[in-house]
Each structure stands twice: as C-alpha cells, then as structure tokens.
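For reference, the chains in residue letters:
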Amino acid sequence: TAIFGLGAFCVIMGKHTDKITRSDKKTLPKLLGYPLALLACGAAAVAPPAVMIGTFLKERILSATATPTLPLGSALALLTLFRELPACFKILRKG
C-alpha cells in the first residue's frame, strides 16, 4: 500500500541525502538541494502515521458501520505512533 511505499521512499531518500555532496549521480535529493531533500524525507516519514490516523478516524469514528473495514493490525499499529512521532518531528525540525 501507499504507507509502505512512503516508508521505502523515506529510507532511500535519506540514504541519498546523506551522500548528496559525495556523489556525481543525479539523484532526486541532489536536484532538490539539501534543505528540500531533508524536508521531503521528513514529510515521507510523517505521512504514513498521518494517513493511518486519518483512515482510523474515518473508518472507526466518522462512519460507524457494523462491520469495520480497517484491519485490526492497522488499528493496533496506531499504538506504535506514540513512539515514532517524536522522531519524525525531530527530522522535520532539523531542516
């Protein structure tokens, strides 16, 4: 899903952002420049929890149906957000 894709994008973007001055290859971080590349990496790190919270609110609270469409595993993954969000915001503040 898109959540896993954003996670992979964040990892690859972070790897290439670290090597922005040592590489001759034209990568996305090099084209964006260091500040925008760091912002894009941080946004990709924050986006999956935001999408998950939005989906959870939509499925569990706003449209209270008899049969929930959000998988239980995704609902339980919300518990990990409290541990991950401070690190994500720390990434965004460094940019």
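Keep in mind that this is a model prediction, so the values were computed, not measured.

(A) The arrangement of the overall build of the chain in detail. If you tally the helices and strands in the chain, you get four helices and zero strands. The contacts of the chain with a sequence gap of at least 6 include a subset with a gap of at least 24, amounting to 53%. For the chain, the accessible surface area stands at approximately 6,700 Å², while carbon and sulfur atoms represent 71% of it.

(B) Representation of the environment of L32. Along the chain, L32 turns up in helix α2 (residues 28–32). For L32, a relative accessible area of 33% corresponds to the partly exposed category. Not counting residues up to four positions away in its chain, the partners in contact with L32 are M13, A37 and A40.

(C) A nonpolar patch on the surface, seen in detail. A contiguous nonpolar surface patch, about 420 Å² in accessible area, is contributed by F9, L28, L32, L36 and L39. Put simply, the parts of the chain that give the nonpolar patch at least two residues each are α2 and α3 (34–62). Looking at where L39 falls in the secondary structure, it is placed in helix α3.

(D) Structural view of α3. Here α3 is 29 residues long and its end C-alpha atoms lie 40 Å apart, about the 42 Å a rise of 1.5 Å per residue gives. Considering bend angle alone, the principal kink of α3 is centred on A47 and spans about 30°; proline P48 follows within four residues of it. Taken together, the buried positions of α3 are occupied by A37, L38, C41, G42, A44, A45, V46, P48, P49, M52 and E59.

(E) Quick peek at a positive patch on the surface. Together, K15, K19, R22 and K25 make up a positively charged patch on the protein surface. Take R22: it is sitting in the loop between α1 (2–18) and α2. Overall, the relative accessible area of 64% leaves R22 in the exposed class.

(F) Examining the nonpolar core more closely. Listed in full, the six residues of the largest apolar core are C10, M13, A37, C41, A44 and A45. At the level of elements, α1 and α3 are the ones that each hand at least two residues to this core. If one sorts the elements of this core by residue count, α3 sits on top with four residues.

(G) Highlighting the confidence of the model for the chain. When the pLDDT values of the chain are averaged, the result is 77; 80% of them are 70 or greater. Summarising per-element confidence for the chain, the mean pLDDT is lowest in helix α4 (residues 72–94) (71) and highest in α2 (88).

Definitions and limits used
Residues numbered from 1 in each chain as written. Predicted model: local features only at pLDDT ≥ 70, side-chain atom pairs only at ≥ 80, totals over all residues. Heavy atoms only, no water. Helix = DSSP H or I, 4+ residues; strand = E, 2+ residues; numbered from the N terminus. Contact = heavy atoms within 4.5 Å. Areas by Shrake-Rupley, 256 points an atom, 1.4 Å probe, with all protein chains shown as cover. Buried < 20%, exposed > 50% of the residue type's maximum accessible area, 1.4 Å probe, protein only. Patch = residues over 30% accessible without salt bridge, like charges linked within 9 Å, V, L, I, M, F, W, Y side chains within 5 Å. Salt bridge = Lys/Arg side-chain N within 4 Å of Asp/Glu carboxyl O. Expected span 1.5 Å × (residues − 1). Bend = angle between axes of the 7 residues up to and from the residue. Lys, Arg positive; Asp, Glu negative; His and termini not counted. Charge placed at Lys NZ, Arg CZ, Asp CG, Glu CD. Core = buried A, V, L, I, M, F, W, Y, C linked by side-chain atoms within 4.5 Å. pLDDT = per-residue confidence, 0-100.

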